Each structure stands twice: as C-alpha cells, then as structure tokens.
Amino acid sequence: MSYIVALTGGIGSGKSTVAESFARHGVSIVDADIIARQVVAPGEPALKQLHQRFGHEIILADGSLNRPALRERIFSYPPDKEWVNHLLHPIIHARTQQLFAQADTPYVLWVVPLLIENGLQTRVNRVLVVDIEPQIQLSRTMLRDGISRQQAENIIAAQVTREKRLACADDIIDNSGDPKSIEPRVALLHRRYLEFAASVNRQDIAKHD
Ligand code: ADP
C-alpha cells in the first residue's frame, strides 16, 4: 500500500497547477475527476446500468453520458441520487485503489476536489490544501470556465467553506500569488513526503518481520 497524499482545494484554487508541479518531480498522480469520468465512459457496465434505469434522456447522440441531464434527474429526486451513488461509489473506490496499487513511486498524490465534502480525509496519510484568496478564486474561475460571477459564486457556495477545508489540512500551499512561487513550496513538500513515506514503509517492513 502506497503512502497517499490527498491534494484538495476549492474550484479554481490551483489543484491542477500544483499537481503538474508535483508530476514534474516524478510523483504518481491519481485524479478523482478523471476516474469519475472513466467509470461511466461508453462501453462501461456502469453506463449501461444508468441507461437502463434512466432511459435515453441521459445518453447523448454519441453514446456518452449526458451529465447535465443526469444531474437534473437526480437533483429533483433524492432516492435516484442515492441509487447513482450506490452504483458508482464502489466502482470508483475499486478503480482508485487499483491505481494506488499500480503506482511505482514512494507516494501517490491523489487529486480529489471533494475530499472533505465526501469525508474521505480519514482514508489518506496526509491532506494538502491549495488555498487562495476568495476574490482571486472567483476571478480565476470566471476566466478559466467562461462563467459569470454569480455562477462562480454558486459553485463556491456549494463547496465546503475555506475555514473547514483549512481545518483539515496537514499542509497548505498558498496559490494567491505568482505561479512560480509554488515551485519551492512543492519542492520542500515533496522532500518531506518522501521522508514520511520512507518511514511508514520502514514501519510496515518491521511489522512483517
Ligand atoms: P483547479 O484545478 O483547482 O480548479 P486550476 O489549477 O485549473 O484550478 O487553476 C485555475 C485557473 O487559474 C487556471 O486557468 C490556471 O491556469 C490559473 N492559475 C492557477 N494558478 C495560478 C497562479 N498562481 N497565478 C495565475 N493563474 C493561476
């Protein structure tokens, strides 16, 4: 079992930017958003089950999942939301564990935007939060996603508060400034995580002796 560092933060805080920086150090990255999309890709059993339950209205012409249609459907009827979670969570969990096991680096960086919202922080060795000033978060999100201030504010309001997220953090990267300023911080954390991972792995070996 690898040493797992969870990387989380609000929308537009800079998770992808920070993850790219860790990747340049050769760290294995497991991305929760990518997994969530892969498990419902065309041809996947989970997509067939969604299709059977909700019908053609949640499938696009090219055979892929119509996410907004599914979101609309489960938003208006909580038992459907529960059904979908019940279907997808074990598949996502299994796929995530498989990728953790396949990683051949001393630790894995698990990029997981909804870590705190889904109560997953207890499953990892370390929580790294990307933090950002709220006004900068708003403007970067609007710029990147081409959305209005109101839309960005709505998304942020639906996420866990900055205070709650920071309260769960073992480590914090402040990404309010120049992107270059995160490089030395990432380098330092990388060295620290290598040491933590080595010490946990040593304990594991001792346990099995
Ligand atoms: P997240 O993955 O947390 O949603 P991103 O890494 O995609 O956030 O960053 C959000 C947007 O802000 C992107 O367009 C990214 O290029 C930009 N960005 C990230 N960090 C900085 C920074 N330090 N300075 C300026 N722009 C940044």
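Residues numbered from 1 in each chain as written. Predicted model: local features only at pLDDT ≥ 70, side-chain atom pairs only at ≥ 80, totals over all residues. Heavy atoms only, no water.

An unreviewed UniProt entry lists the protein under the name Dephospho-CoA kinase, with Rahnella woolbedingensis given as the organism. Taken directly from UniProt, the Subcellular location (unreviewed entry) text for the protein runs: "Cytoplasm". (UniProt positions renumbered as here; feature names shortened; annotations may be inferred.)

(A) Structural detail: the environment of Ile136. Looking at where Ile136 falls in the secondary structure, it is placed in helix H6 (residues 134-145). Spatially, the C-alpha atoms of Ile136 and Ser13 are 8.5 Å apart, while their sequence positions differ by 123 residues. (Helix = DSSP H or I, 4+ residues; strand = E, 2+ residues; numbered from the N terminus.)

(B) Highlighting the pairing of strand S2 (residues 28-31). The two faces of S2 differ: Ser28 and Val30 on one face are buried, but Ile29 and Asp31 on the other face are not. With four bridges connecting them, S2 and strand S3 (residues 107-111) associate as parallel partners. Within S3, the position partnered with Asp31 by the bridge is Val111. (Buried < 20%, exposed > 50% of the residue type's maximum accessible area, 1.4 Å probe, protein only. Pairing = 2+ DSSP bridges.)

(C) Layout of the site of the ligand. Residues in contact with the ligand amount to 13 residues; listed here are only the nearest, Lys15, Ser16, Thr17, Arg144 and Gly177. Thr17 places a side-chain nitrogen or oxygen 2.6 Å from an oxygen atom of the ligand. For the ligand, a nitrogen atom lies 2.9 Å from a polar atom in the backbone of Gly177. For the ligand, the protein covers 74% of the area, taking 560 Å² as the surface of the free molecule. Where the shell around the ligand is concerned, the elements lending two or more residues are helix H1 (15-23) and H6. The residue makeup of the shell around the ligand, split by class, is one nonpolar, eight polar and four charged. (Near = heavy atom within 4 Å. Polar contact = N/O pair within 3.5 Å; in protein donor to acceptor, adjacent residues only side chain to side chain. Areas by Shrake-Rupley, 256 points an atom, 1.4 Å probe, with all protein chains shown as cover. Nonpolar A, V, L, I, M, F, W, Y, C, P; charged D, E, K, R; others polar.)

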